[in-house]
Amino acid sequence: MDRLTDILRRVLEGYIGEALNGFSYLTANQEQTAFTVVSVGYLPDKRIVDAGLIVRVVGERIIIERDVNDKPLVDALLQAGIPRAQIVLAYAGEAVENSAA
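Residues numbered from 1 in each chain as written. Predicted model: local features only at pLDDT ≥ 70, side-chain atom pairs only at ≥ 80, totals over all residues. Heavy atoms only, no water.

Undergrad: Tell me about the pairing of strand S3 (residues 34–43), residues and numbers included.
TA: Pairing between strand S2 (residues 22–28) and S3: 7 bridges, direction antiparallel. The partner of Leu26 across the bridge, within S3, is Val37. What sits between S2 and S3 in their antiparallel hairpin is a turn of 5 residues, with Gln32 showing a positive phi close to 60°. Sheet topology note: the S3/strand S4 (residues 46–58) ladder contains 10 bridges and is antiparallel. Along S4, the bridge assignment pairs Leu43 with Lys46. Linkage of S3 to S4, two consecutive antiparallel strands, is achieved through a turn of 2 residues. (Pairing = 2+ DSSP bridges. Helix = DSSP H or I, 4+ residues; strand = E, 2+ residues; numbered from the N terminus.)

Following this line, the structure appears as structure tokens:
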């Protein structure tokens with residue numbers, strides 16, 4: 001894994017673990033270029049499953065496809081030293097160029 005992917009994975013690990021009435025899991029494809037944080041929770045009358053974070057690494061950029069967290073992933077990545085120019089907020093309408101991965 002390269003530096004960008006290493007930092008992304010480390011930051012994403014901060015979004016997993018035990019949650020209110022459930023648990024959040026980090027999943028990745030074999031190439032370590034696509035990641036999701038999936039939450040599974042339970043209420044007395046139903047089961048809740050959601051992919052709160054969907055992120056891809058394309059070249060030297062991190063493309064955030066979905067983020068529904070109280071602490072946005074972009075903020076955590078900036079704190080970890082990733083330049084804003086390398087982060088694309090696709091969920092907010094930012095252009096995604098050369099996104100085949």
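Undergrad: Can you explain the layout of surface pockets? Please cite residues and give values.
TA: The volume enclosed by the largest pocket comes to roughly 180 Å³. Lining of the largest pocket is provided by 14 residues; of these, Ala19, Leu20, Asn21, Ser39 and Gly41 occupy positions nearest its centre. When residues of the lining of the largest pocket are traced back to their parent elements, those giving at least two are S2, S3 and S4. Element by element, the count of residues in the lining of the largest pocket is highest for S3, at 5 residues. Here the lining of the largest pocket is built from residues that sort into 8 nonpolar, 5 polar and 1 charged. (1 Å grid on protein atoms, 1.4 Å probe; cavity = no way out; pocket = protein on both sides within 12 Å on 5 of 7 lines; lining within 4 Å. Points joined across faces, edges and corners; volume = space filled by probe spheres on them. Nonpolar A, V, L, I, M, F, W, Y, C, P; charged D, E, K, R; others polar.)

Undergrad: Would you mind going over the pairing of S2 in detail, with residue names and values included?
TA: As paired strands, strand S1 (residues 17–19) and S2 are joined by 3 bridges and run antiparallel to one another. Considered in S2, the bridge of Gly17 is made with Ser24. Count of turn residues in the S1/S2 antiparallel hairpin: 2 residues, of which Asn21 carries a positive phi of about 60°.

Undergrad: Tell me what's going on with the sheet that holds S4, and back it up with residues and numbers.
TA: The strand order S1-S2-S3-S4-S5-S6 describes an open sheet built from 6 strands, whose pairing is mixed. Of all strands in the sheet, those with a lone pairing partner are S1 and strand S6 (87–89), marking the two edges. This sheet shows a mean twist of 25° between the axes of neighbouring strands, independent of strand direction. On top of the sheet, helix H1 (residues 3–12) reaches S2, S3, S4 and strand S5 (61–67); it is set at about 160° to S4, its chief contact. (Axes fitted to C-alpha atoms, helices over the stretch in contact; angles between N-to-C directions. Contact = heavy atoms within 4.5 Å.)

Undergrad: Now, about H1: what can you tell me, with residues and values included?
TA: For H1, the complete set of buried residues consists of Leu4, Thr5, Ile7, Leu8, Val11 and Leu12. Buried positions in H1, seen along its axis, are confined to an arc of 165° and lie on one side of it. Exposed residues lying more than 90 degrees from the buried face of H1 are Arg3 and Arg10. Its buried side turned inward, H1 meets S2, S3, S4, S5 and helix H2 (73–79). (Buried < 20%, exposed > 50% of the residue type's maximum accessible area, 1.4 Å probe, protein only. Arc of directions from axis to C-beta.)

Undergrad: Hey, could you go over the side chain of Gln32 for me, with residue numbers and the actual values?
TA: Inspection of the secondary structure puts Gln32 in the loop between S2 and S3. Relative accessible area serves as the criterion here: at 19%, Gln32 is assigned to the buried category. A polar atom in the side chain of Gln32 sits 2.9 Å from the side chain of Arg9. (Polar contact = N/O pair within 3.5 Å; in protein donor to acceptor, adjacent residues only side chain to side chain.)

Nothing here speaks to function; it is all geometry.
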